[in-house]
Amino acid sequence: MKLAILYSGGKDSNYALYEASRKHKIKCLISIKSKNPYSYMFQTNGINLIKHQSLALNIPLIEFETIGKKEEELKDLKKAIKLAIQKYSIEGIVTGAINSIYQSSRIQKICKELNIWCFNPLWQKDQVEFLKDIIKNNFEVIIVSIASYPLNKNYLGRKLNNELLDELIQMQKKYKINPAGEGGEIETFVINSPLFNYKIKIINSNIEEDSENSAELIINEVKLIKKNESINN
Amino acid sequence: MKVLIINLCYKKESLSSNEFVKPIENIVKKTKKYDIIHYLDIKKKKLKQYNKIILCGNALKDFEYLNHLEIFNFIKTFKGDVLGICAGAHIIGLVYNSKIKEGKEIGLINIKIIKEDIILNNINFDQTYALHSKYIEKINKFEILAQSQNYNQIFKHKNKNIYAILFHPEVRNKELIINFLKL
């Protein structure tokens, strides 16, 4: 089956892509750039960098902009999916939804209207098990936004590894944050995965801090480097 | 005795298995021994080793199971308990000569309990997730335990522990599956 993936550049959509690509041909990435930084549907941080991930993956990208009003976002998403159907003859959509009924049910409705398949391969996955799978399968994932106590700007740019996972598990126990960040506590950006043909090196970035527990890593410049090249060169 | 989880996706390795079978497996594996089988692999003689069967849901666009309904006639003679979720509920209805009709619910719905039952004990129905494009109006020999605004949601056989549930309890009402496993 030919599929497209709703792609935000973070760990969820990249891992969903990894699962889906084992069984199906992924014809394109679909990315929605929302001008509303508080969009319920779409990740906004790092969205300008998806073209680099598309190149690293060697999968074409369909990008759509939306002003980010609640239901307008869905009309724009539907247009983007229609374009993927016309351009790549896709028969279904893959999403990285884990627990959000808000997101998944809206995408299910669009797929039903367009008479295509909808796959959510991470649906109801245990959050900690999910993070362990990401680490085990050699994804390189960095935190690009934090929005919950006790997270702070020192977490920005940190790579997901067992040490960070232990910290997130402790925060889950003590402060009830969702360790995988599906509640918006953290947003991530994938710089390397088993499907990437190149990895992404960050050349220039800066931190924008709204408050002590709300901040973003703004990535201004990246370049693709060979997988065996050190990211520190 | 073990629980048999039946995968109703159009093929065994479907990507939908992650979405509709794995969440059920994650609930069952905490307390019970179990096997997972694709419906096309059901062999009647092997069902004796199970005392419970769960028929999972599947994708909105997946109706391949309707072409293989004869496989599921064992439900009528199976000695143990049966829980059918969404497509699994459709199958129970069809095996008992009911009809399924076009009618969709996608997202959160409100559930009203019509009749108390042991599998509904201690369940918070504040959030209930539905994902279906067909529904069952009534099933002969079954009573209705719960309804949403639009459709009957939970059916129970009058004399056996056979339950047909239109919504997806594995998403926001996991206790319902846990109660079924305790029967």
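Here, residues in each chain are numbered from 1, in the same order as that chain's written sequence. As a convention, the first chain written is A and the first ligand written is 1, with the rest following in written order. Since the coordinates come from a predicted model, pLDDT governs what is reported: local features require at least 70, and pairs of side-chain atoms require 80 or more to be given and counted, while whole-chain, interface and lining totals use all residues. Calculation of side-chain values draws on the structure's entire complement of heavy atoms; hydrogens and water are dropped beforehand.

Novice: Where do I start with the confidence of the model for chain B in this structure?
Specialist: In regions of low pLDDT, the predicted coordinates are not meant to be interpreted in detail. For chain B, mean pLDDT is 96; residues scoring 70 or higher make up 99% of the total. Scored as a complex, the prediction yields pTM 0.94 and ipTM 0.95. pLDDT expresses, on a scale from 0 to 100, how confident the predictor is about each individual residue.

Novice: Before we go on, may I ask you to explain the packing of helix α5 (residues 127-136) of chain A against helix α6 (residues 162-175) of chain A in this structure?
Specialist: All names here are of chain A. Axis definition: a line fit to C-alpha positions, over the contact stretch in the case of helices; interaxial angles, taken between N-to-C directions, run 0 to 180 degrees. Helical segments are the DSSP runs of H or I of at least four residues, strand segments are the runs of E of at least two, and each set is numbered from the N terminus. Where α5 meets α6, the closest approach of the two axes is 11 Å, and the angle between their N-to-C directions is 175°. One element, α5, and the other, α6, form an angle in the roughly antiparallel class. Contact with α5, carried on its side by V128, L131, K132 and I135, involves N162, L165, L168, I169 and Q172 of α6 and no other residues of that element. When residue character is reported, Ala, Val, Leu, Ile, Met, Phe, Trp, Tyr, Cys and Pro are called nonpolar, Asp, Glu, Lys and Arg charged, and the others, Gly included, polar. Residues of the contact of α5 with α6, tallied by class, amount to 6 nonpolar, 2 polar and 1 charged. To sort the angles, those under 35 degrees are grouped as roughly parallel, those over 145 as roughly antiparallel, those from 65 to 115 as roughly perpendicular, and the leftovers as oblique. Residue contacts follow a heavy-atom distance rule, with two residues in contact if any of their heavy atoms lie within 4.5 Å.

Novice: Which parts of the structure should I look at to understand the pairing of strand β10 (residues 162-165) of chain B?
Specialist: Both faces of the sheet carry side chains from a regular strand, because those side chains alternate between them. For the exposure calls, accessible area comes from a 1.4 Å probe over protein chains only, and a residue counts as buried if that area is under 20% of its type's maximum, exposed if over 50%, partly exposed in between. Residue alternation in β10(B) divides its side chains into two sets, B:I162 and B:A164 and B:Y163 and B:I165, and both sets are buried. Turn length for the strand β9 (residues 152-157) of chain B-β10(B) hairpin, with the two strands adjacent in sequence and antiparallel, is 4 residues. Should DSSP find at least two bridges between two strands, the strands are taken to pair.

Novice: When you look at the packing of aromatic side chains in this model, what are you seeing that I'm missing?
Specialist: For any pair of aromatic rings, geometry is given as the distance between the ring centres together with the angle between the planes. Each aromatic pair joins two rings of Phe, Tyr and Trp (for Trp, the six-membered one) with centres within 6.5 Å, and gets the label stacked for planes under 30 degrees apart, edge-to-face for over 60, and tilted for any other angle. The full count for this structure, using the stated rule, is 14 aromatic pairs over all chains. Here A:Y15 and A:Y18 contribute two aromatic rings whose centre-to-centre distance is 5.3 Å and whose plane-to-plane angle is 55°, an arrangement assigned as tilted. You can see A:Y15 and its partner A:Y18 sitting in helix α1 (residues 11-21), 3 residues apart, about one turn around the helix. Exposure remark for A:Y15: the relative accessible area of 2% places this residue in the buried category. A connected cluster of aromatic rings, assembled from ring pairs, spans A:Y15, A:Y18, A:F130 and A:F139. We note B:K76 situated over the ring of B:Y96; from NZ or CZ to the ring centre the distance is 5.3 Å. Charges are assigned to positions over rings by a cutoff of 6 Å between ring centre and Lys NZ or Arg CZ, combined with an angular limit of 35 degrees from the ring normal. In this arrangement the basic side chain of B:K134 is found over the ring face of B:F63, its NZ or CZ atom lying 4.7 Å from the centre.

Novice: Can you walk me through unusual backbone geometry in this structure?
Specialist: Looking along the chain, the bond that leaves A:Y149 and enters A:P150 is cis, with omega of 5°. For A:P150, the position within the fold is in the loop between β6 (140-146) and α6. Its identity is not glycine, yet A:Q124 carries a phi of approximately 70°, on the positive side. Structurally, A:Q124 can be placed in the loop between β5 (117-119) and α5. A relative accessible area of 13% means that A:Q124 is categorised as buried. The backbone phi angle of B:K141 is positive, close to 75°, even though this residue is not glycine. Inspection of the secondary structure puts B:K141 in the loop between β7 (128-136) and β8 (142-147).

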